[in-house]
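Analysis of the macromolecular model
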Amino acid sequence: MSQVDDQNNGIGYFISSNIQHLPPVIQLYPLLKGTLITTNKDVYDLVQTKYADLKIVILYFKNIQAARKEARRLQLRIIIHTGFSLLNCGKAVQIFHGGLSDKRYLECARLICYDLVLFPGQKSHDKVELAATLPWIKEWHLVGYPKFDPVIKGEHKAEKLFDNDKKTVIYAPTWVSQLTRMKVGERSEFGESSLHIWSIAIIEQLANKYNLILKFHSNMGRGKSSIYDEIATLITEKSLSDTVKTIVDDNIVPYMAASDLMISDISSVCYEWLHFDKPILFANPAPGKYKVGSEITDNTYVWQTGEVIDKPDQIKFLVDQELEKDTKSKIRKQIFDYAVFQADGDATQRQADYIKALYEKVENKSWPLFYLSCFVKLRFKRFLASIFRYTKNLPR
């Protein structure tokens, strides 16, 4: 087997979105090396500071056109993606950043544009199969969830934020997005996020009895809402800084590890939390409209693993109840096993092995012919994806 151990070795990574796409790359990079290309300055800055010890080769470009040009110049034969923006160069690998999510990302028609798709578990595979795009994906495998390999191996660290013995609740709402194919009226004006509806009430009801971590999504949209200022003002006016902390970070794991119960809404972090086998509650982004889902195509399928908050007076009651009784432990374990393949701590290695195998097939091919072949195939796949989008009502 060829050794993939040089920094500029024909393997690339592309992150066009936010810093929360970094953890999958951080896990994989030591095994494959290569070049990380990004069009997000926050990603670039974080790699240069927080992850400086990994000596990641990273290039920042202001637009995707310049990023694609550089990928061609470097003759990257494999490009590993965490999102759905393609660099249109070489073989495309999809490793996902939130592949466990109940959102419709996995039904995205563009998934057929990838030459290798590595699913975190059976549920994500089944969701793509139901979308009827699976037969069009040339190669796919179940690998597990690499981000949580350190947790399974006991190598993670809990972030110590509080100097007391109180139980800790982590509230991790998803970002406010209108990117949904649901009909208006079936959701709130804040999409699938509970942030605007529940954050103030959660602080008011829990801060006196519990420590509270508010883990904001990095897609915060500060200029579009006053909610962050309202939260900061409440913490200051009520002198809650000792027991309420607001966090923006690429990796939620250290904060999960420090917590006893999670509150979230419709996010992949709900599935991530299941690794810890602790209680979870769901703050309903659209009370009276969203219900607990029973099908994997429902965006509330994971809500089976915890109680749902529909009214403000339920918050403290349900937190107290679940910390004492943990009423959903059995179903939580069942859904975790369905969602996460072989939680044995070796998911990153499996991921790397499949990518190396693809790399070895193309590493010695003539670059001009290889590039042209990949480009033509991608154009055809994009055409198919555009058809699927409209004929199968799939997200773009």
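The paragraphs below set out a description of the structure included in this document.

Rules behind the numbers
Residues numbered from 1 in each chain as written. Predicted model: local features only at pLDDT ≥ 70, side-chain atom pairs only at ≥ 80, totals over all residues. Heavy atoms only, no water. Helix = DSSP H or I, 4+ residues; strand = E, 2+ residues; numbered from the N terminus. Rg over C-alpha atoms; globule rule 2.2 N^0.38 Å. Buried < 20%, exposed > 50% of the residue type's maximum accessible area, 1.4 Å probe, protein only. Areas by Shrake-Rupley, 256 points an atom, 1.4 Å probe, with all protein chains shown as cover. Lys, Arg positive; Asp, Glu negative; His and termini not counted. Charge placed at Lys NZ, Arg CZ, Asp CG, Glu CD. Polar contact = N/O pair within 3.5 Å; in protein donor to acceptor, adjacent residues only side chain to side chain. Pairing = 2+ DSSP bridges. Axes fitted to C-alpha atoms, helices over the stretch in contact; angles between N-to-C directions. Arc of directions from axis to C-beta. Contact = heavy atoms within 4.5 Å.

Attention shifts here to the overall build of the chain. Within the chain one finds 13 helices and 13 strands. A compact globule built from 396 residues should have a C-alpha radius of gyration of about 21 Å, and the chain, at 21 Å, falls within 12% of that. Its C-alpha atoms put the chain at 65 × 45 × 40 Å along the principal axes. When each of the 396 residues of the chain is scored for burial, the buried share is 56%. If you sum the accessible surface of the chain, you get close to 17,500 Å²; carbon and sulfur atoms cover 50% of it. With 53 positive and 46 negative side-chain charges, the chain shows a separation of 7 Å between the mean positions of the two kinds.

So, on to the environment of tryptophan 273. For tryptophan 273, the location among the structural elements is in helix 9 (residues 268-273). Classification of tryptophan 273 by relative accessible area gives buried; the value is 0%. Along the chain, tryptophan 273 and phenylalanine 14 lie 259 residues apart, while their C-alpha atoms are 26 Å from each other. Within the structure, tryptophan 273 has its side chain in polar contact with the backbone oxygen of lysine 278 (distance 3.0 Å).

This part covers the sheet that holds strand 3 (residues 57-60). Pairing is parallel across the open sheet formed by seven strands, whose spatial order is 3-2-1-4-5-6-7. The sheet terminates laterally at strand 3 and strand 7 (140-142), the two strands that pair on one side only. The sheet shows a mean angle of 20 degrees between the axes of neighbouring strands, taken without regard to direction. Pairing analysis gives four bridges linking strand 4 (residues 78-81) to strand 5 (residues 91-94), with the strands arranged parallel. From the neighbouring strand, isoleucine 79 faces strand 5, where its bridge partner is alanine 92.

Below, the discussion takes up helix 11 (residues 329-339). The periodicity of an α-helix, 3.6 residues per turn, causes residues three or four places apart in sequence to face the same way. Of the residues making up helix 11, those classed as buried are Arg332, Ile335, Phe336 and Ala339. Down the axis of helix 11, the buried set is contained in an arc of 105 degrees. They therefore lie on one face. The secondary structure elements touched by the buried residues of helix 11 are helix 4 (122-130) and helix 9.

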